[in-house]
Amino acid sequence: MSLYADLVRKAADQYRAQLDAIYSRQQIIHHADHAAGLLLKAGLQARAQAGEDYMPYIVLRLAEELQPLQSTVLVYVCNVLDCQVEPDPDCGRPGRYQIRPHDEPGPDGLRLLVEDA
C-alpha cells in the first residue's frame, strides 16, 4: 500500500470516528440546543457548546448586576427548564453545575457553565 493511500485511510478512519462520536451524542446535543433556546427566550444569555469530546454543555453568561443573584438565577433556570441544578461534583470549581431532569435521576446530566458576561 502506498503512503498516500495509507494516509487517506487513516484520515477517513478518524473522520468516521468523529462522526460516530457526534452521532452517539445526538440526543443530548439536541437537548442542549433546546435548553439554550428556552433560556434565551426567558431572557438569559445562553448558548450550547461542545468540548473536544463532542459532549455538549450550556454556557450561561450573567451580567455584572446579576452576579450577586446567581443562586436566584439558577432557581429561574430550574423553573424554565423544569429541572434540578446541582453543583458539578466532577469539577469542584465555582460556576460549574449539572442540569438534571426532575424525573430522571442519574449520573448523566447536561453541564451548565456560568460565567461573567
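Everything quoted here is computed from the prediction, not taken from an experiment.

## Things to note about the overall build of the protein chain
- A count of helical and extended segments in the protein chain gives 3 helices and 5 strands.
- In the protein chain, the succession of α and β elements from N to C terminus is α-α-β-β-α-β-β-β.
- Taken over the C-alpha trace, the protein chain has a radius of gyration of 18 Å; the compact-globule value for 117 residues is 13 Å, which it surpasses by more than 25%.
- By principal-axis analysis of the C-alpha atoms, the protein chain measures approximately 65 × 30 × 30 Å.
- The burial tally for the protein chain puts 27% of its 117 residues in the buried class.
- Sequence-distant contacts, at least 24 apart, represent 41% of the contacts inside the protein chain between residues at least 6 apart.
- In the form shown here, the protein chain has an accessible surface area of approximately 8,000 Å², with 55% of it arising from carbon and sulfur atoms.

## Some remarks on the pairing of strand β5 (residues 110-116)
- As judged from the 6 bridges shared by strand β2 (residues 56-62) and β5, these two strands associate in the parallel manner. Across the sheet, residue Tyr-57 finds its bridge partner in β5, namely Arg-111.

## Examining unusual backbone geometry
- Positive phi values are uncommon outside glycine, yet Tyr-54 reaches one of about 65°.
- Looking at the element boundaries, Tyr-54 is found in the loop between β1 (45-50) and β2.
- Here the phi dihedral of Asp-82 falls at roughly 50°; this positive angle occurs in a residue that is not glycine.
- Mapped onto the elements of the fold, Asp-82 is located in the loop between α3 (70-81) and β3 (83-87).

## Some thoughts on the sheet that holds β2
- Strand order across the open sheet formed by 5 strands is β1-β2-β5-β4-β3, with mixed pairing between neighbours. The open sheet has two edge strands, β1 and β3, and neither has a second partner. Shown here is a sheet whose adjacent strand axes are inclined to one another by a mean of 30°, direction ignored.
- The sheet contact formed by strand β4 (residues 96-101) and β5 spans 4 bridges and is antiparallel. For Arg-96, the partnering residue across the bridge sits in β5 and is Leu-113.
- Relative to the sheet, α3 contacts β2, β3, β4 and β5, its axis offset from that of β3 by approximately 145°.

Procedures and definitions
Residues numbered from 1 in each chain as written. Predicted model: local features only at pLDDT ≥ 70, side-chain atom pairs only at ≥ 80, totals over all residues. Heavy atoms only, no water. Helix = DSSP H or I, 4+ residues; strand = E, 2+ residues; numbered from the N terminus. Rg over C-alpha atoms; globule rule 2.2 N^0.38 Å. Buried < 20%, exposed > 50% of the residue type's maximum accessible area, 1.4 Å probe, protein only. Contact = heavy atoms within 4.5 Å. Areas by Shrake-Rupley, 256 points an atom, 1.4 Å probe, with all protein chains shown as cover. Pairing = 2+ DSSP bridges. Axes fitted to C-alpha atoms, helices over the stretch in contact; angles between N-to-C directions.

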